[in-house]
Amino acid sequence: MKKSTSNLSPEKERLAIRDISIANEPFTKEGDVFYLLTHKWWHTWLNYVNQSEAAVENNGFSDFKRPSGINNYDLINRVTSKDSGLCAELRDGLVEGTDYVLLPKAVWNQIHTWYGGGPPLARRVISSGLSKTELTVEVYPLRLQLHLIPRGDQSSIRISKKETVGELHRKACEIYGLTTEQTCIWDYFGHRKHALMNDLDKSLEDVNIQMNQDILVEVIDSSGGIRSIQENGSGSNELTVFVDPSKASLSITGGLSKGYSRNSNSALSQFQNQATPREVEKTHGQTGVSTRGSSGGLTGLHNLGNTCFMNSAIQCLVHTPQFAKYFLEDYHQEINWHNPLGMVGELAVAFGDLLRKLWAPGRNSVAPRPFKAKLARFAPQFSGYNQHDSQELLAFLLDGLHEDLNRVKHKPYLNSRDADGRPDEEVADEYWSNHIARNNSIIVDVCQGQYKSTLVCPACDKMSVTFDPFMYLSLPLQSTSTRTMTVTVFTCDGSALPAACTVNVPKQGRCRDLIQALSNSCLLKHNEKLLLAEIRNHLINRFLEEPLMSLSSIKDDDHLAAYKFPKFGKNFKFLQLIHRREEQDSGISQQNIEWKPYGTPLVSPILCDDTVTSGDIQSVVHTLLSRMLKTENLGHPDMSNPSATASDPHPAVNNSTGASSDCILADVKQESGNAEVTTFKKLPLQLVDENNACINLSIGEEKAFKIPSSSRSILVFVDWSCKLLHNYDTSCLENLPDVKNGAVTKKTRNEPLSLYTCLEAFLREEPLVPEDMWYCPQCKERRQASKKLDLWRLPEVLVIHLKRFSYSRSMKHKLETFVNFPIHDFDLTNYVANKRNSRQQLYELYALTNHYGGMGSGHYTAHIKIPEENRWYNFDDTHITAINEDEVRSGAAYVLFYRRVKTDTTCASNGAQPSAGHNNLSSQK
């Protein structure tokens, strides 16, 4: 170890190193050499050379001694002496700024001249990034395991990822004493022959060789077969080869650079921070050199026992660029140690320590036991070694980290005012300002957005509008399964006989989906409506008028009828015609004749105010039954019983003429001047009044009946005697088909569910669940209000949770639905209700978690894109492999992470924007 030869004062040493740094820093280029220096020694030297300033700050007292010789041995595992010079194996997991600093060659040479010591740990500058313009110090070059066959020898070699395949081939031959013509080398990842490495001019980085990867060295004979070889003096079966950086182009000792080190953490920047403000202004941040390699962050996590749910979520968070930058800097000053809603800073510290380990260079994998212990302490639901929901863990982490890092130390009490007719923009800004006044952290900065929530009371139409923050979006998966439903459609004007109509609707659809499908199928006109009803025991059990009612409430063996009628104003009621026929009831002593319901009820609107006449009812029933009248029984009208005039809103249809029975309806229109007169014999009808008493409408004079204003319907029985049934064909009323007529079908894979469709389902108006009723301030009662969400403010990082797990009582079910989600150009512009923001809202996928298998026994992984490499990787606990972009989409996708794409594009005010909906995804399929 050389002794110090410096006779300079501490101040002159500092100025000398400053001048060397300023002279060399702007000219850093690829191939330059930097040296590692232990951080402990560097910190001691900084105190020594800056002691004059320290003395001023400490009232003239400063006692920093001159450091002894450099001692880098705490950075290395072992030293070996070879002909190529003194080389060393770095310890894994060293962190720049904590364990070591990097010095340019000229600075190292000067300090080493003064203080001596060592060993020197030289590393070269390489280019990285997509443009290959980012300069990186390769602290940890590749460590590769060579496997020689057929003999089975193994050797370890360190080589730069910038070296060529040809150079690796040459070095492998040199190690085993072979010629290049005798051997070929294979990418032996996972101990499988992946590819023959025969493109000698490509770099190891280009052919995707990873840290600690296996390389197969195969010996071939002249005929191309494998031959046996003898011992050639290569030594033991386990051999480590070191290369002196001064004797090689880019081959440097150490391991793969995985650390994320900003320029401000470098030794030079630390030195500059100790200099005067003027010196800092001249020199700070100009090297452009970092230790982050193109494979930075490729560190796995050990599975501690069903902890893949945790590992996948953590990998997505630590690869969120804003979080990586934040936790690799000094974030401790923002920890809120006294927040009663937080974890006294311990969760943030544990996460920050884990993130730094995952970004540290040279690590093979990390066992997250300290983090798991903290997690179990603050969230006992994740303790033990059972499988848990990755999204639930993610939600806890984001919320917990936010509270631990909340910059607001004392939360003010704020109460947002009601909208009271104010513009949405004003109200939304007020809500957001109040939120930020209480919640301000890196998590809010990156992940939180705002949506508009609108509640409407179904009774009084009272509307409540709030603007609430969100951390992530949980989107429902509208199942691609469809349900076949058969409904019998009736017309009220006698124009057609009842007809069964079979349609396909979403299995998890709403009543409005069924009505829309029926409307399309039966060619409903714009001035017509459909009234849907459930038929049970030949009576109308309920009208299905709520558009948002779930179709799951309709069973497969239920019977549905749809009644088609013209749209009316308010002055009408529904006439329900219930069919009854004679049935004998055998009693103990005698036989009784009873009228019992049968067939399907008919429904028609009838114009009326508070009263209705028997003639009105007879006319409507006549129209309803007109198509069921047998042709041979149509005849001349009975002119003695005129009962309708041109004022009849339901004119009858004249089918034909012929002999008429005295007990049936006769349907003829006669013209008298400009008036049409319709005459018919009265049918045996019974009107049910408000006291449930039956009033015979087939006898007596024309009479008006009062209808309660609270009643929507008029209930009428038609009693079908055997004689009457002889003249009508009512078979079309008797056999109503089941709702389900065929098996559930699935859409084909070439028509997948779009992420846009899921988003639209999330934003669709829905009724609140009964357990979450809304207290209407106007009604003063709890109501099942309808709720509508709109996106208002989008975050920098948008986290989307696909709701694959559904719950039914004690059962938990997983949906395997494939969702076609965009990787690039996820356009949310038209989904943002805040039109004041004219910027285009484009996002790009950079990470996602996957869930494979069923409940309880499933497995989680993560797909993550490394931007510097423009390459996707699969993180499966400790196993990390490169994948193609087309492998990212699968039916296992669970939580998606999107980052905002910076764009200056604005949306035209005339609405010329990309259309909302899944059509945006057509090019992605």
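Computed from a predicted model, the values in this text were never measured in an experiment.

Quick notes on the overall build of the protein
The helix and strand tally for the protein stands at 18 helices and 52 strands. Residues classed as buried in the protein amount to 50% of the 925 residues present. Put simply, 74% of the contacts in the protein that link residues at least 6 apart link residues at least 24 apart.

Describing the pattern of salt bridges
Enumeration over the complete set of coordinates arrives at 32 salt bridges. A salt bridge links D32 to K29; its shortest N-O distance comes to 3.2 Å. The partly exposed category is assigned to K29, whose relative accessible area is 49%. Between E403 and K411 there is a salt bridge; the shortest N-O distance is 3.5 Å. Residue classification places E403 among the buried residues on the basis of a relative accessible area of 7%. On the accessibility criterion, K411 (27% relative accessible area) is partly exposed.

Side note on the packing of helix α8 (residues 308-318) against helix α12 (residues 390-404)
One can describe the packing of α8 onto α12 by two numbers: an axis separation of 9 Å at closest approach and a directional angle of 50°. In this view, α8 runs oblique relative to α12, as classed from their interaxial angle. Along this stretch, α8 crosses α12, giving a crossing that reads as right-handed. Taking contact as the criterion, the partners of F309, M310, S312, A313 and L317 in α8 are, on α12, S390, L393, L394, L397 and L398. Of the residues assigned to the contact of α8 with α12, the class counts are eight nonpolar, two polar and no charged.

Here we look at the sheet that holds strand β18 (residues 449-456)
A sheet is described by the order of its strands in space; here four strands give the open sequence β19-β18-β42-β39, paired in antiparallel fashion. Edge strands, defined here as strands with exactly one partner in the open sheet, are β19 (463-470) and β39 (766-767). Taken together, the seven bridges between β18 and strand β42 (residues 786-793) define a ladder with antiparallel strand orientation. Looking at β42, one finds that L455 is bridged to K787.

What about the nonpolar core?
F323, F371 and F897 are the most contacted members of the largest nonpolar core, which has 58 residues in total. Counting residues in hydrophobic clusters, the runner-up holds 38 residues, among them A561, V603, L625 and L629.

Some details on the state of the cysteines
Inspection of every chain in the model, using the stated rule, returns zero disulfides. No disulfide involves C776; its sulfur sits 3.6 Å from the nearest other cysteine sulfur, which is in C460. Taking relative accessible area as the criterion, C776 reaches 0% and is therefore assigned buried.

Quick notes on helix α15 (residues 511-521)
For α15, the set of buried residues is C511, L514, A517, L518 and S519. The positive-phi residue at the C-terminal boundary of α15 is L523, with phi of around 55°.

Topic: the side chain of R422
Inspection of the secondary structure puts R422 in the loop between α12 and α13 (424-438). For R422, the side chain forms a polar contact with the side chain of E430, separated by 3.0 Å. Among all residues touching R422, those that are not within four sequence positions of it are R417, V427 and E430.

Brief notes about the environment of S721
Relative to the helices and strands, S721 is located in the loop between β36 (713-720) and α17 (722-725). On the accessibility criterion, S721 (25% relative accessible area) is partly exposed. C-alpha of S721 to C-alpha of P684: the two residues are 37 residues apart in sequence and 9.0 Å apart in space. Each residue touching S721, except ones within four places of it in the same chain, is listed here: E582 and W595.

Some words on unusual backbone geometry
In this model, G118 is joined to P119 through a cis peptide bond whose omega is -5°. Tracing the backbone through its elements, the reader meets P119 in the loop between β6 (117-118) and β7 (121-128). We note that V344 has phi near 45°; this positive angle belongs to a residue other than glycine. Mapped onto the secondary structure, V344 falls in the loop between α9 (321-328) and α10 (346-359). Of note, the phi angle at H538 is positive, near 65°, even though the residue is not glycine.

Quick look at the packing of aromatic side chains
One pass over the structure, following the stated rule, counts 24 aromatic pairs. If you follow R581 out to its NZ or CZ, it ends over the ring of Y598, 4.2 Å from the centre.

Brief notes about the environment of H879
Counting through the fold element by element, H879 comes out in strand β51 (residues 879-883). The sequence separation of H879 and T299 amounts to 580 residues, and the corresponding C-alpha distance is 8.8 Å. With sequence-adjacent residues up to four places away left out, H879 is seen in contact with F189 and N874.

Brief notes about the confidence of the model for the protein
Residues at a pLDDT of 70 or more form 76% of the protein, whose mean pLDDT is 77. pLDDT under 50 marks residues 908-925. Its contacts with residues more than four places away, or in other chains, come to 35 contacts.

Quick word on the pairing of strand β43 (residues 797-803)
Counting buried positions along β43 yields six of seven residues, so the element is predominantly enclosed. Two strands pair when backbone bridges link them, and β43 and strand β52 (residues 893-900) are joined in this way by five bridges, in the antiparallel orientation. Following the sheet pairing, V799 is matched in β52 by F897.

Thoughts on the environment of E734
Along the chain, E734 falls in the loop between α17 and β37 (745-746). On a C-alpha basis, the gap between E734 and T600 in space is 6.4 Å, while along the polypeptide they are 134 residues apart. Sequence-distant contacts of E734, that is, excluding residues within four places in its chain, are made with R581, Y598 and G599.

About the criteria used
Residues numbered from 1 in each chain as written. Predicted model: local features only at pLDDT ≥ 70, side-chain atom pairs only at ≥ 80, totals over all residues. Heavy atoms only, no water. Helix = DSSP H or I, 4+ residues; strand = E, 2+ residues; numbered from the N terminus. Buried < 20%, exposed > 50% of the residue type's maximum accessible area, 1.4 Å probe, protein only. Contact = heavy atoms within 4.5 Å. Salt bridge = Lys/Arg side-chain N within 4 Å of Asp/Glu carboxyl O. Axes fitted to C-alpha atoms, helices over the stretch in contact; angles between N-to-C directions. Parallel < 35°, antiparallel > 145°, perpendicular 65-115°, else oblique. Left-handed = near helix turned anticlockwise from the far one by under 90°. Nonpolar A, V, L, I, M, F, W, Y, C, P; charged D, E, K, R; others polar. Pairing = 2+ DSSP bridges. Core = buried A, V, L, I, M, F, W, Y, C linked by side-chain atoms within 4.5 Å. Disulfide = S-S within 2.5 Å. Polar contact = N/O pair within 3.5 Å; in protein donor to acceptor, adjacent residues only side chain to side chain. Phe/Tyr/Trp six-rings, centres within 6.5 Å; stacked < 30°, edge-to-face > 60°. Lys NZ or Arg CZ within 6 Å of the ring centre and 35° of its normal. pLDDT = per-residue confidence, 0-100.

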